[in-house]
Amino acid sequence: MLGICRGRRKFLVVSLTLLFVPAFTWIYLFAGSFDDGKSVSLSAVESQPHSPRYTAWSQRERDSLEVHVREIEEENRSLRKQLSIAQRKGPVHHHSNHSKTYSMEEGTGDSENVRAAVITGNSSECGQRPVVEKCETIHVAIVCAGYNASRDVVTLVKSVLFHRRNPLHFHLIADAIAKQILASLFQTWMVPAVRIDFYDADELKSEVSWIPNKHYSGIYGLMKLVLTKTLPSSLERVIVLDTDITFATDIAELWAVFHKFKGQQVLGLVENQSDWYLGNLWKNHRPWPALGRGYNTGVILLLLHKLRKMKWEQMWRLTAERELMSMLSTSLADQDIFNAVIKQNPFLVYQLPCFWNVQLSDHTRSEQCYKDVSDLKVIHWNSPKKLRVKNKHVEFFRNLYLTFLEYDGNLLRRELFGCPSEADVNSEKLQKQLSELDEDDLCYEFRRERFTVHRTHLYFLHYDYEPASDNTDVTLVAQLSMDRLQMLEAICKHWEGPISLALYLSDAEAQQFLRYAQGSEVLMSRANIGYHVVYKEGQFYPVNLLRNVAMKHVNTPYMFLSDIDFLPMYGLYEYLRKSVVQLDMANTKKALIVPAFETLRYRLAFPKSKAELLSMLDVGTLFTFRYHVWTKGHGPTNYAKWRTATTPYRVEWEADFEPYVVVRQHCPEYDRRFVGFGWNKVAHIMELDAQEYEFVVLPNAYMIHMPHAPSFDITKFRSNKQYRICLKTLKEEFQQDMSRRYGFAALKYLTAENNS
């Protein structure tokens, strides 16, 4: 940027020089020296053409001037060449004051505007905004706590990633919940040139817990005050953002503003756009002291190294202690304290243009901040009501926000051009695995799916459940996609215990699910359901990956491995907990089988007892599960024996057996090579058997499959011969792997398969 600005000035000087040098040269040649202060007329000079003084001077000076003019012409040609490059490369950034800045390093530009600015000398921004180096890392700090804030962070990060052209380093001050969610999310997102560091917010509570705070953000709303102490001492500057921010431009533009700080300016802030600090919102409204309208802390530029030298910690603490003697508590968390400090020390602030924090709440005058869409840089939803704020352009802002909310995050996994990326162990491992696959293999897509990393957002909704202290607690585990969403409320009515669900959704579907859940009294009344969103990618339904995600986040000693289209019998949760004790599950390797039945009726009077179920079996309202299409799947359960059984009984594994079982929390994972339809549960049960689990059928337990339209994957299995061939190939490879892992004992699976 400075190079271009200097170039403009130099070009103007050179242009003027080239224009006037010949004239001044000849005037000087004809007029001789002006040192004596005498005026010399042209006629007088003409009358003495052979003056010795003139002849000696012109011979020496003319040669020197000619050389100088040639040098200037050469420099001018060079500058024209540079300018031509700038015209082709330099983008134009429009600001609300209609000034323009240019960069040779960034994107596309408007050459006519560049040319006009140079010719007219429009260089108001020159020397004020240097270019951010192409591969310079931009540091961003965000305080994030809880489940809802974790969702907000994702939307904020999407908007930043969408526009960015620089490496990013996010510093997340997070509680244990947010850290678990976001660590998993970013690890599975695998965005190049993005680094994440976490700082324990719970450890910082003691730093600010002494400050009474009435703001809805709670204690976490005060933690921006201690960033100088929290962030690494080597970090010199950072952009601090609230979670309810949406970027409409490249964050590098904001990062470049640091270069405008002068003197003791260490805080970059936008003026508050509400009348809060003016104290006129209502009668007896008494805000904390502030300079004029005060400043909003949703977006802050912190010059950390200077703040530390100024003893920022002592500064804000002393100010807070003094003001709290009369104010008693903060109303706007950290913002009140920042403003009180600034009131005493106005020189600390560099005031950012208001478009860097367009504040949307009921009491703001944000409309005065922008005239055109191009003026918008950062939208700040600084209201707990979010999208319901009063602003005449709220529909536009809402659509902008929803765009990023529902934007496919997988599209943001793009590499940065021309920037060396740090070696990522997981990424390198993935690339190595993929490179070892044969792309000419007819089953390549199946094999590739096994290594696909799906972006995963754990605990998408609030979760709060502590397992029972008697160590008998059981979690129902299932997976689903959008077309099975209607089953959730019914399952909740049948199962009162904890549930762990993996949902396979697109970003847009995740928001539809969120609206569905928040609009359901049944779901909102349950805090013991963990919803884990696995984002769509690839052409197969990754059924076993989903099961593994749901299993991994069970926090009870036992889990009931079910499917979303089954309704458990009423009271099954308590029955299973008793069975866990009765069958000594804690000290033995057992898989308790819950017999599966099905109905072909969409409306079913659900049986309230085993006797009622048997009666429905006899009249044909219910059937044993898949008896007419896949008897081998559940035949070994021995339904004939179950009819009269009053005590648990053991059954042996058989080929293609796939019952629904209760197992200890730490059991083998499902094999990821099986996707879509076919053999996904069969392989898991086979491995349980290989690990010497004992299969025990529960005599008074049952579950019923509810009818639904065939899934896309089963349709593909039935209609696509290649699909069936690949599934058979994967089965054979799985059995070979079993033989390698379990030796001689696994030979029975090959024999059983050949006989089936």
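Our structure is the block above this text.
Values in this document were obtained by computation on a predicted structure and should not be read as measured data.

Together, F744, L747 and L750 line one region of the surface with nonpolar side chains, adding up to about 310 Å² of accessible area. Here L747 lies in helix 26 (residues 747-755).

On to the packing of aromatic side chains. The way to describe two aromatic rings as a pair is by their centre distance and the angle between their planes. According to the stated counting rule, one finds 32 aromatic pairs in the structure shown. Residues F597 and Y639 carry aromatic rings whose centres are separated by 5.3 Å and whose planes lie at 65 degrees to one another, so their mutual orientation is edge-to-face. Separated by 42 residues along the polypeptide, F597 in strand 20 (residues 596-598) and Y639 in helix 22 (residues 639-644) bring together distant segments of the chain. By the burial criterion, F597 is buried, and Y639 matches it. Measuring from ring centre to ring centre gives 6.5 Å for F606 and Y702, while their planes differ by 25 degrees; the resulting arrangement is stacked. Here F606, found in the loop between strand 20 and helix 21 (610-619), pairs with Y702, found in the loop between strand 24 (694-697) and strand 25 (703-705); they are 96 residues apart in sequence, far enough to count as distant.

Let us look at the side chain of T243. Note on placement: T243 falls in the loop between strand 6 (237-241) and strand 7 (245-247). What makes T243 buried here is its relative accessible area of 17%. When neighbours within four sequence positions are excluded, T243 is seen to be in contact with I142, V143, A149, D152, V153 and L156.

Below, the discussion takes up the state of the cysteines. Applying the stated rule across the entire model yields two disulfides. There is a disulfide in this structure between C135 and C419, and the S-S distance comes to 2.1 Å. Judged by the torsion about the S-S bond (-95 degrees), the C135/C419 disulfide is left-handed. Here C419 lies in the loop between helix 13 (394-405) and helix 14 (425-435) and C135 lies in the loop between helix 4 (111-120) and strand 3 (138-144), a separation of 284 residues in the sequence. The class for C419 is buried, based on a relative accessible area of 12%. Sulfur-sulfur distance for the disulfide between C443 and C726 comes to 2.1 Å. Judged by the sign of its S-S torsion, about -95 degrees, the cystine formed by C443 and C726 is left-handed. In this pair, C443 is assigned in the loop between helix 14 and helix 15 (444-449) and C726 in helix 25 (residues 721-742), connecting sequence segments 283 residues apart. The residues C443 and C726 share a single accessibility class, namely buried.

Under the defined criterion, the tally for this structure stands at five cavities of 30 Å³ or more. As for the largest cavity, its lining consists of L561, P659, Y660, V661, Y670, K681, H684 and I685. By residue number, the principal contributor to the lining of the largest cavity is helix 23 (residues 680-690), which donates three residues. Tallied by class, the residues present in the lining of the largest cavity amount to six nonpolar, one polar and one charged. In this structure, the second largest cavity spans a volume of roughly 50 Å³. For the second largest cavity, the lining is made up of 10 residues, of which D152, T243, D244, I245 and Y401 are closest to its centre. Where the lining of the second largest cavity is concerned, the elements lending two or more residues are helix 5 (146-163) and strand 7. By residue number, the principal contributor to the lining of the second largest cavity is helix 5, which donates three residues.

The rules behind the values
- Residues numbered from 1 in each chain as written.
- Predicted model: local features only at pLDDT ≥ 70, side-chain atom pairs only at ≥ 80, totals over all residues.
- Heavy atoms only, no water.
- Patch = residues over 30% accessible without salt bridge, like charges linked within 9 Å, V, L, I, M, F, W, Y side chains within 5 Å.
- Areas by Shrake-Rupley, 256 points an atom, 1.4 Å probe, with all protein chains shown as cover.
- Salt bridge = Lys/Arg side-chain N within 4 Å of Asp/Glu carboxyl O.
- Helix = DSSP H or I, 4+ residues; strand = E, 2+ residues; numbered from the N terminus.
- Phe/Tyr/Trp six-rings, centres within 6.5 Å; stacked < 30°, edge-to-face > 60°.
- Buried < 20%, exposed > 50% of the residue type's maximum accessible area, 1.4 Å probe, protein only.
- Contact = heavy atoms within 4.5 Å.
- Disulfide = S-S within 2.5 Å.
- 1 Å grid on protein atoms, 1.4 Å probe; cavity = no way out; pocket = protein on both sides within 12 Å on 5 of 7 lines; lining within 4 Å.
- Points joined across faces, edges and corners; volume = space filled by probe spheres on them.
- Nonpolar A, V, L, I, M, F, W, Y, C, P; charged D, E, K, R; others polar.

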